[in-house]
Amino acid sequence: MEPQRSPLLEVKGNIELKRALAKAPSRLPLPGSRLKRGPDQMEEDLEPEKKRTRGLGTKVATSRPRATALTTVPQTQGQTAVPKVPRKTGPPCSTAIATVLKNQKPGPAVPAQKPGTTAAPPVVGRKKPSKRPAWDLKGQLCDLNAELKCCRERTQMLDQENQQLRNQLREAQQQATALGTERRTLEEELARVRAQAEQGQQELGNLSTLVLELEERLGTQEGLVQELQKEQLELQEERRGLAAQLEEQERRLQASEAALSGSQAEVASLRQEAAAQADLLANREERLHGLEMERRRLHNQLQELKGNVRVFCRVRPVLPGESTPPPGFLLFPSGPSGPSDPPTRLSLSRSDERRGTLSGAPAAPTRHDFSFDRVFPPGSGQDEVFEEISMLVQSALDGYPVCIFAYGQTGSGKTFTMEGGPGGDPQVEGLIPRALRHLFSVAQELSGQGWTYSFVASYVEIYNETVRDLLATGTRKGHGGECEIRRAGPGSEELTVTNARYVPVSCEREVEALLHLARQNRAVARTAQNERSSRSHSVFQLQISGEHAGRGLQCVAPLSLVDLAGSERLDPGLALGPGERERLRETQAINSSLSTLGLVIMALSNKESHVPYRNSKLTYLLQNSLGGSAKMLMFVNISPLEENVSESLNSLRFASKVNQCVIGTAQANRK
C-alpha cells in the first residue's frame, strides 16, 4: 500500500511547480506602452488607415493565413512601408506596430527551456502560418490578439493553481494547529498524571505508617481483651442468675423499643422526604417559570426576525367547470435551497392582444414577478397554511396583539381560508377554528404551570361603513345600526362595539356554533365574479386574558381574524338588475375602506405622527391590532384563471407594497 503523502510536501511541490511556470517567458512581444491598448482601440486606430488605403485604390488582402506571433515575421527588403498620417489625438496604432516590426529581428522567438521542465508538444496537423507583409496590419493585429488570448489563458491557469496551493497551505496550517493543540493537551495531561502519581506515593507512605501504628495498637488491645475475657468469665456466673429473672421483662421492653424506634425512624424519614420533595417541587416550579418566560422572549424574538408585518400569497385551485389556465401562466420558482425549500416567489404571465410586433405577430406575454414571505400553490392544504401561522397565534397567548387578514378579489378563496369549507370536514377547516383549537390546547398545557386563561369571542361585519353584529339572535337580528365603536372606559385604549354580543368560549363546539350563526347573518350578494359573494368585512375578535395568581402576572391581548370583502374594481363587480345602485355603493365603500387600510399601514411604516384610523370603521375597530405592539399577517388570495389576471395583478401589487412596510418592535401587554 502506497504511504499517504504529507500535505506540507504537496504544498511545497505545488509552490515549486508554480514558480517554474511563472518564470516561463511570454511569447507576446509587445514592448512599449503604446501597444498595451485593447483590441477595440487598435481597431479604431486602424480605421483611418483602411480609409486612406481604399482612397489610393489599394486592396488589403485579409484572406491570408494569420501568423502566430509578430516575432515570426522577418524584415525583408523591398517592402513598402505604410505611409504615416499624423493624428491630433496621438500616434496611430499602425505606426506603433510598424516600429515594433522594424526593431525586431527576423526568426521565431523560442523561449529558453529550463532544466527540469518539459517542453509543450508541438501541435500536430496545424499548418505553419505564412509570413505577413508589413502592410497587413489587421492580420498582425489578429496574431497579437491570439497571443494575448494565450497569455490570458495561461494567467487564468496560474491563478487557479495559485488558489489550489493556497487551499492546500490553509489545510496544512489547520492540521499543524490541530496537532499543536493536541500536543499541548497531552503535555498537560502528562503533567497532571505525574502530579497524581507523586500524590499517590505520598498517600501510600502515610498509609504504611498508619498501618504500623494500628498494628501496635492492635497488639495492646488484644492483651486487654484477654484480661477482660477472664473477668467476663467470672462475672458470667453472677449475670446468669440476674438474667433469668429479667429475661421476660427484657424481651417485652426490647419489643416495645424496637417498635417505637422503627416508627420514629419511619416518621423522620417521611418528614425528610416530604421536605425534600417540597424543595424540589419549588425549585422545579421556579425553573419552569423561568424557562416559560425565556420561551416567550425567544418566541417573540423569532417572530420579530420574521417581521411584524408579513404577507403570504395563496393561489386557489381550479374548480370543476372552470377553464384550465395555459401552461406557464402561473409559475412558482424554487427557493435558494432548491425544490425542498418552501416557495416564496410567484411569477404571473399576462398577454396583451392590443400589442403586437412590426411583422403583425402578437407580442410576447409580459411576465410579472412577485416575492413574499411565503407562497402557497394551489395544492397547499389548510393544515399546511395553518402550520405557518401557528407560531403567530401563539404570540397572542403570550400577550401580543395579533391581526390576520384575508385580502383578494371575490371568489379567490378568502372565506375558505378563514372559515373553511362547508360540511364540517376536518381537512378543510379554516384558520379560525384551527387557531382556537390550538389556543385551547396550549392554554390547557400552561395550566399546569399556574396560568389560567379566559377567552371571549365577538364577530361583527362592516357593511357600507355600518357595523353589524353577526352573533345577534332573535329580535336583535338585523339591527346593525345600533352598534357603534367606543372606548371601553375613560382613559382606556381598549375599543369595544356597543350592543354587540361578547360570548365566552372554552371549547371547539362553542366556536363552531358561533361560526355557523355568523355565516347565516353575513351580508352576501350575487356579483359577476361569484354567485355567493361576501359584500362586507367580517371581523372575528378573540379577547385573551391570562393570569398567574402565584406570581401576580397578567397578560391581555386580542386576536383579530379578518375576512375582507372583495377587492375588485367597479366594472367587474357590478350586478345586473334593479339593485345596481346598491351594488355600486357597496363596491365604493369596500374600495374606500381597503384604501384606508393601505394608508394606515404605510403611515405606521413611515412612523408618521398622524395615522388615519378614523377614516374607516375597519381601521378604527382594528386600531389596537395594527399599530404599536401588534403583529400583522396578510393573506393575499388570487385566482388561477387567466380571465382574472387584471384583478390578480392589482391584489399582488397591493400586497407587495404592504410587504415592504416595517413596523416597530412589538411589546407584550403584561401587567
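Under the annotation held in an unreviewed UniProt entry, the protein chain carries the name Kinesin-like protein and is attributed to Tursiops truncatus. What the UniProt record of the protein chain gives under Subunit (unreviewed entry) is the line "Binds NUBP1 and NUBP2. Interacts with PPP1R42." The UniProt entry for the protein chain carries the following text under Sequence similarities (unreviewed entry): "Belongs to the TRAFAC class myosin-kinesin ATPase superfamily. Kinesin family. KIN-14 subfamily."

> Could you give an account of the overall build of the protein chain, with specific residues and numbers?
The secondary structure content of the protein chain amounts to 13 helices and 16 strands. The long-range fraction of contacts in the protein chain, counting pairs at least 24 apart against all pairs at least 6 apart in sequence, stands at 73%. Total accessible area computed for the protein chain in this model is approximately 41100 Å², and 53% of it derives from carbon and sulfur atoms.

> Before we move on, can you summarise helix α7 (residues 431–446) with the specific residues and values?
Taking 1.5 Å of rise per residue, the 16 residues of α7 would be expected to cover 22 Å, and the 22 Å separating its terminal C-alpha atoms lies within 8% of that figure. Listing the buried residues of α7 in full gives L431, I432, P433, R434, A435, L436, L439, F440, V442, A443 and L446.

> Requested: an account of the pattern of salt bridges, with residues and values cited.
Taken as a whole and judged by the stated rule, the model has 14 salt bridges. Between R192 and E189 there is a salt bridge whose closest N-O contact spans 2.1 Å. Here E189 and R192 lie together in helix α4 (residues 137–306), a separation of three residues that amounts to about one turn. R192 gets classed as partly exposed once you look at its relative accessible area, which sits at 41%. What makes E189 partly exposed here is its relative accessible area of 35%.

> Give me the lowdown on a nonpolar patch on the surface, citing residues and values where you can.
On the surface, a cluster of nonpolar side chains totalling about 270 Å² of accessible area is made up of L207, L210 and L214. By secondary structure assignment, the location of L207 is in helix α4.

> So what's going on with the sheet that holds strand β4 (residues 366–371)? Residues and values would help.
An order of β2-β3-β4 is seen for the three strands of this open sheet, with the pairing classed as antiparallel. Pairing within the sheet leaves two strands with one partner each, and these edge strands are β2 (330–331) and β4. With two bridges joining them, β2 and strand β3 (residues 345–350) adopt antiparallel strand pairing. When the sheet's bridge partners are listed, L330 is paired in β3 with L348.

> Could you give an account of unusual backbone geometry, naming the residues involved and the relevant values?
Although it is not a glycine, E465 adopts a positive phi angle of roughly 60°. Of note, the phi angle at N499 is positive, near 65°, even though the residue is not glycine. Tracing the backbone shows N499 in the loop between β10 (495–497) and β11 (503–505).

> Talk me through the packing of helix α5 (residues 382–397) against α7; I want residue IDs and the actual numbers.
Following both chains from N to C, one finds α5 and α7 inclined at 50°, their axes separated by 9 Å at the closest point. With respect to α7, the element α5 is oriented oblique. Two packed elements cross with a definite hand, and for α5 against α7 that hand is right-handed. Contact residues: Q382, D383, V385, F386, I389, S390, V393, Q394 and L397 in α5; L431, R434, A435, H438, L439, V442, A443 and L446 in α7.

> Kindly report on the packing of aromatic side chains, identifying the contributing residues and their values.
Each aromatic ring pair is summarised here by two numbers: the centre-to-centre distance and the angle between the ring planes. The final tally for this structure, using the stated rule, is nine aromatic pairs. Pairing F312 with F376 gives two aromatic rings, centres 5.9 Å apart and planes at 70°, and the pair type is edge-to-face. Residue F312 is found in strand β1 (residues 309–315), and its partner F376 is found in strand β5 (residues 374–376); the two are separated by 64 residues along the sequence. Between W451 and Y453, the ring centres sit 6.0 Å apart and the planes meet at 20°, which makes this aromatic pair stacked. Judged on exposure class, the residue W451 and its partner Y453 are both buried. Pairwise contacts between aromatic rings join F440, W451, Y453 and F455 into one cluster.

> Which residues make up a negative patch on the surface, and what values do they have?
Together, E227, E231, E234 and E238 make up a negatively charged patch on the protein surface. Among the structural elements, E227 can be located in helix α4.

> Tell me about the pairing of β3, residues and numbers included.
Relative to β4, β3 runs antiparallel, the two being bridged by six bridges. Residue pairing for β4: S347 is matched across the bridge by D369.

> Give a detailed account of the nonpolar core, specifying residues and quantitative values.
Ranked by internal contacts, the top residues of the largest apolar core, which has 51 residues, are L346, F405 and L626. Here this core gets seven residues from one element, more than from any other, and that element is helix α10 (residues 580–605). In contact with L346, other than residues within four places in its own chain, are C313, V315, L330, L331, F332, P333, H368, D369, F370, V375, I638 and L652. Counting 44 residues, the second largest nonpolar core, distinct from the first, contains V393, L431, A457 and V505.

> Lay out the packing of α10 against helix α13 (residues 645–659) with the relevant residues and their values.
At their nearest, the axes of α10 and α13 sit 10 Å apart, and the two run at 25° to each other. The orientation of α10 with respect to α13, classified from their angle, is roughly parallel. As α10 runs across α13, the sense of the crossing is left-handed. Facing α10, whose interface residues are L594, G598, I601 and M602, α13 presents F654, K657 and V658. Taken together, the residues of the contact of α10 with α13 break down into five nonpolar, one polar and one charged.

> If you had to explain the side chain of D563 to someone new, which residues and values would you point to?
Residue placement: D563 occurs in strand β15 (residues 553–563). Classification of D563 by relative accessible area gives buried; the value is 2%. Among the polar contacts listed, one links the side chain of D563 to the side chain of T415, at a separation of 2.7 Å. Non-local contacts of D563, meaning those with residues more than four positions away in its chain, are made with A406, K414, T415, M418, R522, S536, H537 and S538.

> Which residues make up the pairing of strand β16 (residues 631–638), and what values do they have?
Put simply, side chains in a regular strand alternate between the two faces of the sheet. Within β16, eight of the eight residues are buried, leaving the element largely enclosed by the surrounding structure. Here β16 shows a buried face lined by K631, L633, F635 and N637 and a second buried face lined by M632, M634, V636 and I638. Examined bridge by bridge, β1 and β16 share seven bridges and lie parallel to one another. When the sheet's bridge partners are listed, V315 is paired in β16 with I638. Of the strand pairs in this sheet, strand β6 (residues 402–408) and β16 are connected by seven bridges, and their pairing is parallel.

Cut-offs used in this document
- Residues numbered from 1 in each chain as written.
- Predicted model: local features only at pLDDT ≥ 70, side-chain atom pairs only at ≥ 80, totals over all residues.
- Heavy atoms only, no water.
- UniProt positions renumbered as here; feature names shortened; annotations may be inferred.
- Helix = DSSP H or I, 4+ residues; strand = E, 2+ residues; numbered from the N terminus.
- Contact = heavy atoms within 4.5 Å.
- Areas by Shrake-Rupley, 256 points an atom, 1.4 Å probe, with all protein chains shown as cover.
- Expected span 1.5 Å × (residues − 1).
- Buried < 20%, exposed > 50% of the residue type's maximum accessible area, 1.4 Å probe, protein only.
- Salt bridge = Lys/Arg side-chain N within 4 Å of Asp/Glu carboxyl O.
- Patch = residues over 30% accessible without salt bridge, like charges linked within 9 Å, V, L, I, M, F, W, Y side chains within 5 Å.
- Pairing = 2+ DSSP bridges.
- Axes fitted to C-alpha atoms, helices over the stretch in contact; angles between N-to-C directions.
- Parallel < 35°, antiparallel > 145°, perpendicular 65-115°, else oblique.
- Left-handed = near helix turned anticlockwise from the far one by under 90°.
- Phe/Tyr/Trp six-rings, centres within 6.5 Å; stacked < 30°, edge-to-face > 60°.
- Lys, Arg positive; Asp, Glu negative; His and termini not counted.
- Charge placed at Lys NZ, Arg CZ, Asp CG, Glu CD.
- Core = buried A, V, L, I, M, F, W, Y, C linked by side-chain atoms within 4.5 Å.
- Nonpolar A, V, L, I, M, F, W, Y, C, P; charged D, E, K, R; others polar.
- Polar contact = N/O pair within 3.5 Å; in protein donor to acceptor, adjacent residues only side chain to side chain.

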